[in-house]
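# Geometric and topological summary
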Amino acid sequence: MKNPHQLSISISIALLLTACGGGSSSTTTTDPVSKPALKQINSNTELENLIKQQMLETYGTAYANYGGCTSDACIMEIPVAASATTGTTTSAASAASDSASNVSSTNTQETNVDEADRIKTDGTYLYTTATDQPNVRIFKTNDASNTLVKDLPLGNDTNARLTGLYLEGGKLAALAEEQQYYSMWNNWFMPSYWQNQQSQMYLLNVANPENPTQTTKLTLDGQVISSRLIGSTLYLATRHSPSLSGLVQYPTTEAAATANRNRINSATLADFLPDYQINDGSKNAMFDGTDCFMTQYTDKKSYQTSIISLLAIDLNSPTPTPQGKCFAGDTETLYASTDAIYLATTSYSYPSTTPAIASTSVSSSSGTSTSIAYYAPSITTDFHKFSLAGGINYRGSGRVDGHLGWQQEQKPFRMSEYQNVLRVITYTGDNNLTTNPSPAHLTTFQENTANQSLDMMATLPNSTRPTALGKPGEQIYATRFLGNKGYLVTFRTTDPLYLLDLSNPADPYIASELKIDGYSDYLHPVGDNYLLGIGKDAIAVDGGDSGRGAWYQGVKLSLINITDPANPSEQQKIIIGKRGTETAVSQSHHALTTLQQGNTLQVALPISLHESASNYLSGASTYYNWTQDELYRLNINTQTGTMQALTPIVSEAAVANSYSSYQWQNDRSVMIGEFIHYLHGDKVISQAW
């Protein structure tokens, strides 16, 4: 039998956050008892009662037929002392460096909004995270060479791993957490997974990169979901599931359920809320009850208790203390502009006769198993806006039909704020070729300060502009918003690229549609007139991968001419390798490195090349053997729209009966002047561009 908490979550995933929403439309699911805005908690007592109610719903009922864990392992234990975990941060300094100097930066969704990655540079030194230990490794570059000058352990927990770095001036922030053997998204609907989780931020003074010093260790209750750096302020979204010592997670008898209820009712608010510690000192409360919010969803119960914290940390402060807001609910992705942060979560419910599945795994375009939430047909997604001026302040909420797709990496790209308008693309289709003519929908929102809501301005398609976004049975792949334009890739057997005109957010429309072979996982602007699509080539056949009607082939680079938005064309394409070839860009946009040099855009992307002869019969469905891992390089002339491939930099090559180490998934690169530095595993390969 299923985990009872997981089963109840699947059937009634009325997560407190996802249950609220705003905006209305004739095409948008509405709930007469659901108010659009989050409600601010009035007192500590109100928040304590809310959390206790959720805990009682989850742990206060006996599951007599549950045949799962009944041993002491099912009893919650609260650690006596917080274990040191490590994490990663990203660099705002590097994000701006390519425009100010001859140095590339982390590839980010929005300008001036930095994102955590495993490599940062100040133009001379490379700051990297180790792959198998919680260490920061610093390399000094010298044209076509590099030297490891520091290998610095952070903390003493060998099971911790750094998840990303930020570089701001002479400060390096490293985010860390306990090593996870499964993606946290694979356990999204399991409350027990999120209990007793902690995250760390290590702040280092790197004024002298060869002798860095740790100035601060900040430990937070909860796991970091996402982060951004704007100026010198680090923003973190964390998720914390309250736990109580001695609580039986899966009570199978009324006696155990009664004991749970007594334990919950005797607890105080401080037992539930997340704390923080600075330099392993005393624990401090992150919030007062009035710093928190709750949803106003009244017709369903929540079976998952989480505290979402949205925190701001000033890296220039002598004592970097987290400040922000919290709410009882859940969120699964974060999008940030320079002015606001939006938290989004999908809410869905099943009819009582529908079997529930909490999560599953699918093969991503990168060829790896990707954790996803299984979405039922009745789906809505809520968005909550928090402005950043003068601290973190809640501004309003909105709701749309559909969800943000299956790939966690691509979810933030489904959202964009431009001139105070939020634009969102959601997946609203399914694999039934007849029931849903448009698998994707565009929605625009504007803030209504009077009602604390995000009011819907327009949807696409609509009665006036009924042309579907995608064909029945297609799914959303790459999306990108650039200024007043939007770009959307859907795919089943071919790649329709939709160009959206958003210049009037109250009346958006499809400017054009381009059909080409294969599909793109990621879209990148190339000058003013071109768009680079990175994904897979495909051969249309009956059946195909997962019944998609096509077999994926090698990695495809497609340069799209968008000079005339009404008549786009594929200017040039490059196919890399055979079936089985992968690129790390399909897993993380941070793997793509670019640097504009005059009229030339230098582009580098990690590739795991498969083109050696297969042991099986040849054909569209045949996987080729691994050949080598490499950094693929090309120059794109942004004036003429021509791509020229350069000799790749090989990091690993196949020998007899050998296999890839799969380190390519975390490969990165940095361009400094006329030189390229390729991070593969823990080694850096340097050479002239």
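These lines cover the structure that appears in this document, whether it is placed above or below.

What counts, and at which threshold
- Residues numbered from 1 in each chain as written.
- Predicted model: local features only at pLDDT ≥ 70, side-chain atom pairs only at ≥ 80, totals over all residues.
- Heavy atoms only, no water.
- Helix = DSSP H or I, 4+ residues; strand = E, 2+ residues; numbered from the N terminus.
- Buried < 20%, exposed > 50% of the residue type's maximum accessible area, 1.4 Å probe, protein only.
- Contact = heavy atoms within 4.5 Å.
- Areas by Shrake-Rupley, 256 points an atom, 1.4 Å probe, with all protein chains shown as cover.
- Core = buried A, V, L, I, M, F, W, Y, C linked by side-chain atoms within 4.5 Å.
- Pairing = 2+ DSSP bridges.
- Axes fitted to C-alpha atoms, helices over the stretch in contact; angles between N-to-C directions.
- Parallel < 35°, antiparallel > 145°, perpendicular 65-115°, else oblique.
- Left-handed = near helix turned anticlockwise from the far one by under 90°.
- Nonpolar A, V, L, I, M, F, W, Y, C, P; charged D, E, K, R; others polar.
- Lys, Arg positive; Asp, Glu negative; His and termini not counted.
- Salt bridge = Lys/Arg side-chain N within 4 Å of Asp/Glu carboxyl O.
- Phe/Tyr/Trp six-rings, centres within 6.5 Å; stacked < 30°, edge-to-face > 60°.
- Lys NZ or Arg CZ within 6 Å of the ring centre and 35° of its normal.

## Some remarks on the overall build of the protein chain
Scanning the protein chain from terminus to terminus reveals 5 helices and 43 strands. The buried share of the protein chain, reckoned over its 689 residues, is 60%. Within the protein chain, residue pairs in contact and separated by at least 24 positions form 64% of the contacts whose partners lie at least 6 positions apart. With the model as given, the accessible surface of the protein chain reaches about 25500 Å², and the carbon-plus-sulfur share is 46%.

## Quick notes on the nonpolar core
In terms of nonpolar packing, the biggest core is built from 36 residues, with L47, I51, M55, M201, L234 and L315 touching the most fellow members. If one sorts the elements of this core by residue count, helix α2 (residues 44-59) sits on top with 5 residues. Excluding residues that lie within four positions of it along the chain, L315 makes contacts with E168, K171, A173, M201, L203, L229, S232 and L234. By size, the runner-up hydrophobic cluster in this structure holds 25 residues, among which are L557, L605, I607 and L609.

## Describing the sheet that holds strand β35 (residues 569-576)
What the 4 strands build is an open sheet, ordered β32-β33-β34-β35; its pairing is antiparallel. The two strands at the open ends of the sheet, each matched to only one other strand, are β32 (519-526) and β35. Going across the sheet, the axis of each strand differs from the next one's by a mean of 30°, ignoring polarity. Across 10 bridges, the pairing between strand β33 (residues 530-540) and strand β34 (residues 550-561) is antiparallel. Following the sheet pairing, I534 is matched in β34 by L557.

## As for the packing of α2 against helix α4 (residues 254-265)
Relative orientation of the contacting elements α2 and α4 amounts to 165°, with a least axis distance of 10 Å. Considered as vectors, α2 and α4 are oriented roughly antiparallel to each other. Of the two elements, α2 crosses α4, and the hand of that crossing is right-handed. Listed contacts from α4 to K52, M55, L56 and Y59 of α2 are A257, N260, R261, I264 and N265. In the contact of α2 with α4, the residues fall into 5 nonpolar, 2 polar and 2 charged.

## Re the sheet that holds strand β43 (residues 683-688)
Spatial ordering of the open sheet is given by β41-β42-β43, a layout of 3 strands whose pairing is antiparallel. Of all the strands in the sheet, the pair left with one neighbour each is β41 (668-672) and β43. Across the sheet, the axes of successive neighbouring strands diverge by a mean angle of 20°, strand direction being ignored. With 5 bridges joining them, β41 and strand β42 (residues 675-680) adopt antiparallel strand pairing. Within β42, the residue paired with R668 across the bridge is L679.

## Some thoughts on the side chain of D537
Inspection of the secondary structure assignment puts D537 in strand β33. No salt bridge is formed by the buried D537, whose closest oppositely charged neighbour, K556, lies at an N-O distance of 4.9 Å. Not counting the four nearest positions on each side in its chain, D537 is found in contact with D517, G518, W551, Y552, Q553, G554, K556 and I575.

## Some details on the packing of aromatic side chains
Applying the stated rule across the entire model yields 9 aromatic pairs. Put simply, the rings of F293, F327, F386 and Y394 touch in pairs and so form one group of aromatic residues. Over the face of the ring belonging to Y623 we find R579, whose NZ or CZ atom lies 4.3 Å from the ring centre. Lying across the ring of W689, R633 places its NZ or CZ 5.2 Å from the centre.

## Looking at the environment of T252
Tracing the backbone through its elements, the reader meets T252 in the loop between β12 (233-240) and α4. Expressed as a C-alpha distance, the spacing of T252 and Y63, which sit 189 residues apart in the sequence, is 4.7 Å.

## So, the pattern of salt bridges
Taken as a whole, this structure holds 17 salt bridges when the rule is applied. Residues K120 and D114 are paired through a salt bridge, measuring 3.2 Å at the closest nitrogen-oxygen approach. Ionic pairing is found between D507 and R465, a salt bridge with its closest N-O pair at 2.8 Å. Of this pair, D507 sits in the loop between β30 (495-501) and β31 (509-516) while R465 sits in the loop between β27 (453-460) and β28 (475-482); the two residues are 42 residues apart in sequence, bridging distant segments of the chain. Among the residues examined, R465 registers a relative accessible area of 30% and is labelled partly exposed. Several salt bridges converge on common partners, so that one network encompasses K385, R395, E417 and E447.

## A look at the environment of P568
Tracing the backbone through its elements, the reader meets P568 in the loop between β34 and β35. Relative accessible area serves as the criterion here: at 12%, P568 is assigned to the buried category. Each C-alpha atom of the pair P568 and S512 lies 7.4 Å from the other, and the pair is 56 residues apart in sequence. When residues no more than four places from it in sequence are discounted, the contact partners of P568 are L499, S512, L514, I560 and N561.

## Looking at the pairing of strand β8 (residues 171-178)
Within a regular beta strand, the side chains point alternately toward one face of the sheet and then the other, so they alternate between its two faces. By the criterion of burial, β8 is predominantly enclosed, with 6 of the 8 residues buried. With 8 bridges connecting them, strand β7 (residues 160-168) and β8 associate as antiparallel partners. Bridging across to β8, L167 finds its partner in L172. The turn linking β7 back onto β8 is made up of 2 residues, and G169 within it adopts a positive phi angle of 60°. Strand direction decides the pairing type here: β8 and strand β9 (residues 198-205), joined by 7 bridges, are antiparallel. Bridging across to β9, L175 finds its partner in M201.

By themselves, these observations are geometric and do not establish any function.
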